[in-house]
Amino acid sequence: MFKVDLQQSGKLFIPFITAGDPLPEVSIELAKSLQKAGATALEIGVAYSDPLADGPVIQRASKRALENGMNIVKAIELGGEMKKMASIFPLSSLRIIILCYN
């Protein structure tokens with residue numbers, strides 16, 4: 001868990017991306033862009049083989065990620081890679097939330 005000071009803006013921007021869609025390196029670039037755009041946190045969805053509860057856009061994103069070898073272990077590692085980018089780009093302040101089904 002993390003705490004956020006809402007007194008500065010009163011609003012949070014927490015976008016969602018599917019880990020590894022279409023490729024892991026693209027997910028890292030998306031994280032950079034979203035932080036530049038003001039994201040407070042980033043929700044990373046783990047691709048699931050039967051995402052019936054998700055809409056068609058996330059279903060297609062999950063399918064692409066799975067076709068490129070994404071799984072829960074790789075998604076967690078990808079979140080770690082996003083945090084490691086702090087030396088190149090200040091991602092250390094971006095909070096990462098992993099969304100997965102069990």
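Here the structure is shown first, and the text comes after it.
Nothing here was measured: the structure is a model prediction, and the numbers come from that model. (Residues numbered from 1 in each chain as written. Predicted model: local features only at pLDDT ≥ 70, side-chain atom pairs only at ≥ 80, totals over all residues. Heavy atoms only, no water.)

### Details of the sheet that holds strand 1 (residues 16-18)
Reasoning step 1: The strand order 1-2-3 describes an open sheet built from three strands, whose pairing is parallel. Of all the strands in the sheet, the pair left with one neighbour each is strand 1 and strand 3 (95-99). Across this sheet, the average inter-strand angle for adjacent strands is 30°, counted without regard to direction.
Reasoning step 2: In this structure, strand 2 (residues 41-45) lies alongside strand 3, joined through five bridges in parallel fashion. From the neighbouring strand, Ala41 faces strand 3, where its bridge partner is Arg95.
Reasoning step 3: Helix-sheet contacts for helix 1 (residues 24-36) involve strand 1 and strand 2, and the interaxial angle to strand 1 is about 170°.
Reasoning step 4: Lying on the sheet, helix 3 (residues 72-84) is in contact with strand 1, strand 2 and strand 3; it crosses strand 3 at an angle near 170°. (Pairing = 2+ DSSP bridges. Helix = DSSP H or I, 4+ residues; strand = E, 2+ residues; numbered from the N terminus. Axes fitted to C-alpha atoms, helices over the stretch in contact; angles between N-to-C directions. Contact = heavy atoms within 4.5 Å.)

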